Amino acid sequence: MTRYLARKILLYLLTFWFAVTIDWMIPRLMPGDPIDGLIGRIQADSTASQNLHGYFTESFELDQPLWQQYLNFWQGLIRGDLGPSITYVGSTVGELMWAAIPYTLALLVPAIVLSYVAGNRVGAMAARRKVLDNTALPVAYVLTAMPYMWLAIMLVYVVSFRWELFPVSGAYDFSLQPAWTWEFARSFLSHWFLPFLTLFLVAFGGWAIGMRNLIIYELEADYANYLQSLGAPNKLVRKYAYGNAVLPQMSGLALALGAVVGGALVTEIVFGYPGIGTLILAALQNRDYFLLQGLFLLIITGVLIANFIVDILYVIVDPRTRTGIQGT
Amino acid sequence: MSSAESRADLVATPEVALTGQGAGDVELGPRGKRFEALHFALRNTKLVIGASVVLAFLALALVGPLLTDATPFEFGYPLGQPPSSEYWLGTTAPGQDVFAQFVYGLRSSFVVGALAAAIASVIGMAVGFVGGYRGGVIDDVLSMLTNIVLVIPTLAVLIIVSAYLSVGSLRSEAILIGLTSWPWAARAIRAQTFSLASRDFVSLARLSGQGTARVILREIAPNMSSYLFLTFILLFGGAVLTAATLDFLGLGPSQVMSLGLMMNTAVSNAALQLGMWWWFVPPGVGITAIVGGLYVMNVGLDEVFNPRLRRT
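Residues numbered from 1 in each chain as written. Chains lettered and ligands numbered in written order. Predicted model: local features only at pLDDT ≥ 70, side-chain atom pairs only at ≥ 80, totals over all residues.

Colleague: So what's going on with the overall build of chain A? Which residues, and what values?
Modeller: Along the backbone of chain A there are 13 helices and zero strands. Dimensions of chain A along its principal axes, counting C-alpha atoms only, are 85 × 55 × 40 Å. Burial analysis of chain A (328 residues in total) assigns 39% to the buried set. (Helix = DSSP H or I, 4+ residues; strand = E, 2+ residues; numbered from the N terminus. Buried ≥ 20, exposed ≤ 12 C-beta atoms within 10 Å, placed from the backbone.)

Colleague: Any chance you could break down the overall build of chain B for me, citing the residues and the numbers?
Modeller: The helix and strand tally for chain B stands at 14 helices and zero strands. Helices and strands in chain B line up, N terminus first, as α-α-α-α-α-α-α-α-α-α-α-α-α-α. Within chain B, buried positions represent 53% of all 312 residues. By sequence separation, contacts in chain B at least 24 residues apart represent 74% of the contacts at least 6 residues apart. (Contact = placed C-beta atoms within 7 Å.)

Colleague: Outline the nonpolar core, listing residues and values.
Modeller: Counting 181 residues, the largest nonpolar core has Ile-153, Val-260 and Leu-295 of chain A together with Met-263 of chain B as the members making the most contacts within it. If near-sequence neighbours (up to four positions away) are discounted, Val-260 of chain A is found in contact with Leu-108, Ile-112, Leu-199 and Ala-203 of chain A. (Core = buried A, V, L, I, M, F, W, Y, C linked by C-beta atoms within 7 Å.)

Colleague: How would you summarise the environment of Val-142 of chain A if you had to cite specific residues and measurements?
Modeller: Here Val-142 of chain A lies in helix α6 (residues 130-145). Note on Val-142 of chain A: 17 C-beta atoms within 10 Å, which makes it partly exposed. Put simply, Val-142 of chain A and Phe-200 of chain A are 58 residues apart on the chain and 14 Å apart in space, counted from C-alpha to C-alpha. Apart from residues no more than four positions distant in its own chain, Val-142 of chain A is found in contact with Thr-288 and Gly-292 of chain B.

Colleague: Hey, could you go over the interface of chain A and chain B for me, with residue numbers and the actual values?
Modeller: Listed per partner, the contact involves 54 residues of chain A and 49 residues of chain B. Elements that contribute at least two residues to the side of chain A that touches chain B include exactly α1 (2-29), α6, α7 (148-162), α8 (182-220), α10 (234-271), α11 (276-285) and α12 (289-317) of chain A. Looking at which element gives the most residues to the side of chain A that touches chain B, the answer is α10 of chain A, with 13 residues. Looking at the side of chain A that touches chain B, its residues break down into 41 nonpolar, twelve polar and one charged. (Nonpolar A, V, L, I, M, F, W, Y, C, P; charged D, E, K, R; others polar.)

Colleague: Explain the confidence of the model for chain B residue by residue, including any values.
Modeller: All names here are of chain B. When the pLDDT values of chain B are averaged, the result is 83; 88% of them are 70 or greater. Counted against residues more than four places away or in other chains, residues 1-28, with its pLDDT under 50, gives 85 contacts. On the interface metric, ipTM, the complex scores 0.86, and its pTM is 0.87. (pLDDT = per-residue confidence, 0-100.)

Colleague: Quick rundown of unusual backbone geometry? Include the residues and the values.
Modeller: In this structure, Glu-164 of chain A takes a positive phi of about 55° despite not being glycine. Note that Glu-164 of chain A resides in the loop between α7 and α8. According to the C-beta neighbour criterion, Glu-164 of chain A is exposed, with 9 such atoms within 10 Å. If you check the backbone angles, Ala-270 of chain B has positive phi at about 60° while not being a glycine. Positionally, Ala-270 of chain B belongs in the loop between α12 (259-268) and α13 (271-274).

Colleague: Describe helix α5 (residues 136-151) of chain B, naming the residues involved and giving the relevant values.
Modeller: Within an α-helix, residues lying three or four positions from one another point in the same direction, as the helix has 3.6 residues per turn. Helix length check: α5 of chain B, at 16 residues, gives a terminal C-alpha distance of 23 Å against a target of 22 Å (1.5 Å per residue), a fit within 8%. Listed in full, the buried residues belonging to α5 of chain B are Leu-142, Thr-146, Val-149, Leu-150 and Val-151 of chain B. As for α5 of chain B, its buried residues are in contact with α1, α10 and α12 of chain A together with α4 (98-134) and α8 (183-197) of chain B. (Expected span 1.5 Å × (residues − 1).)

Colleague: Please give an account of helix α9 (residues 200-207) of chain B that cites residues and values.
Modeller: Counted residue by residue, α9 of chain B has zero buried out of eight residues, so it is predominantly exposed. Looking one or two places after α9 of chain B, you find Gly-209 of chain B, whose phi comes out positive at around 90°.

Colleague: Tell me about the packing of α1 of chain A against α5 of chain B, and name the residues and values.
Modeller: Axis separation between α1 of chain A and α5 of chain B bottoms out at 9 Å; the angle between their running directions is 70°. It follows that α1 of chain A is roughly perpendicular to α5 of chain B by the angle criterion. Crossing handedness for the pair α1 of chain A and α5 of chain B: right-handed. Residues Leu-11, Leu-14, Thr-15 and Phe-18 of chain A of α1 of chain A pack against Asn-147, Ile-148 and Val-151 of chain B of α5 of chain B. The class makeup of the residues in the contact of α1 of chain A with α5 of chain B is five nonpolar, two polar and no charged. (Axes fitted to C-alpha atoms, helices over the stretch in contact; angles between N-to-C directions. Parallel < 35°, antiparallel > 145°, perpendicular 65-115°, else oblique. Left-handed = near helix turned anticlockwise from the far one by under 90°.)

Colleague: Explain the environment of Ala-185 of chain A to me, using residue names and the numbers behind them.
Modeller: All names here are of chain A. Looking at the secondary structure, you find Ala-185 in helix α8. Taking the number of C-beta atoms within 10 Å as the measure of exposure, Ala-185 has 12 and is therefore exposed. Separated by 13 residues in the primary sequence, Ala-185 and Tyr-172 place their C-alpha atoms 8.6 Å from one another.

Colleague: So what about the packing of helix α11 (residues 225-248) of chain B against α12 of chain B? Which residues, and what values?
Modeller: Each packed pair of helices is defined by two parameters, the angle between the axes and the distance between the axes. Residue and element names in this part refer to chain B. One can describe the packing of α11 onto α12 by two numbers: an axis separation of 7 Å at closest approach and a directional angle of 35°. Crossing of α11 against α12: the hand is right-handed. Here α11 contributes Ala-243, Ala-244, Thr-245, Leu-246, Asp-247 and Phe-248 to the contact with α12, which in turn contributes Leu-259, Gly-260, Leu-261, Met-263 and Asn-264. Of the residues belonging to the contact of α11 with α12, the class tally is seven nonpolar, three polar and one charged.

Colleague: Requested: an account of the environment of Leu-199 of chain A, with residues and values cited.
Modeller: Positionally, Leu-199 of chain A belongs in helix α8. Look past the residues within four positions of Leu-199 of chain A in its chain and what remains in contact with it is Leu-107, Ala-111, Val-260, Gly-263, Ala-264 and Thr-267 of chain A.

As structure tokens, then:
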């Protein structure tokens, strides 16, 4: 078990190093002078651009040798200093990210957990049951093929604008301040529900299909046939099949994290939900590169941590990883 | 974005796929096998439905632009008109033809999807074949690389790269997507290759002195061609979704109309508030139909290639 987890940790450390290096390299590798590009977009007059050029050269520390730049980048990272934001003058990238993280997690965590649990249940039920299979499966395929932002757009349009059941955008009513009151909690939940539902539905479709296919494979396996020929009740056979099918689904969970996070980003944008996604859009629109680079590292770190949590869960579910026989 | 990587689990598990193929070889010659596959293909509802949807939209993408004089970015049409006999899908708030945008957008989706899937397939095959066949240190290094790229969320990389690079054409968008979406394919192909590499006919080829490239191309690849095709389809669907997400964020080519860009402009021009459903419904329907069609087609093909799955 320790070997299994140690290998995973090594992989994540390597990945983190790789990601930080990409993050550092991209602005320096891009064709042309990145600073000229930046200033060109800001469209300042000539004296102002000269000042800006000096400012940016200093901020990016482009006047220093490359290895020094790289070391400085790491030092800043370890101190938690990701630079100032250009979009929100006076705020640091770190402050902006800390303010946005809770909202994104509030959407992502319940959506991932609930869609995984519900999708696996429904998928397992649908396998080898004609009626359910023929009704649930097409729905699951449509759901999983939908772009997140489009489902979000449709929900806002139909549920919020046409039926006026839920608020249109934001995380809570503008007249309120975040506080531990019932009024705020109600407002928060009503704003939270539709973005959550978007993420839940798309992810749910994928899990249901995956589980349904896996159960069908498992029910064809020798051990399932053997159990059946011994006269074991169907329920027992399905229980074993489920136990085996959960393992690949769980490694799939680690793979799907990146996709769901991406989905959350665009869903937030449609709903104007003040999380990481909305921050990314602001950073993109204002060419706020410090903010963008910080957000990139934040997403990578988040996904790596989530992957590690899945690994630990995997150890709990799969006995092979505990006894030293390598699982996946 | 739901990219291809999350769909890795839809591909058949290696053992089952291989047994299916082997069984076909024993009973029938290659000719008979082809007819057998066709026989089951035409009777497989999933394959027929999925392929019909994809082909219908492909036809619309090819023929659609010929049916209209309007070009996607051209202004000067009535402002915000609902669908009518003159403007089949209505017009946008600033006065562009939605039908023209839609059919040109469909074209972009197919171009980016096919190109990105081709690039990702080539990288995935190169890494998977070599790693699975050669094993040893080469495999360790390639697997490590695959796992690293696999864990990094694709969209985050694409966002930061395209923010600096400002993507100007469909081709560069497809290259970027292809370069980031290969890892799960490489992993799946590696596993397949690994189990094929120990088969007798591969050992025989190796013993007779054939080089790595030749064994892979002549012995291994043909024996998992159906699997490779399924991988390509899933990569295609994933690339269409990823491209739509990038375009929606305004990171795709701004001079080329795409379905994601349509949604972007619809949202930023308050089409939702104005109730202009004809502006944002078609692009989503187009993407969902193409991607859903590809996925359903994939399952159908899996059943055709895989006799054990047919008795559902």
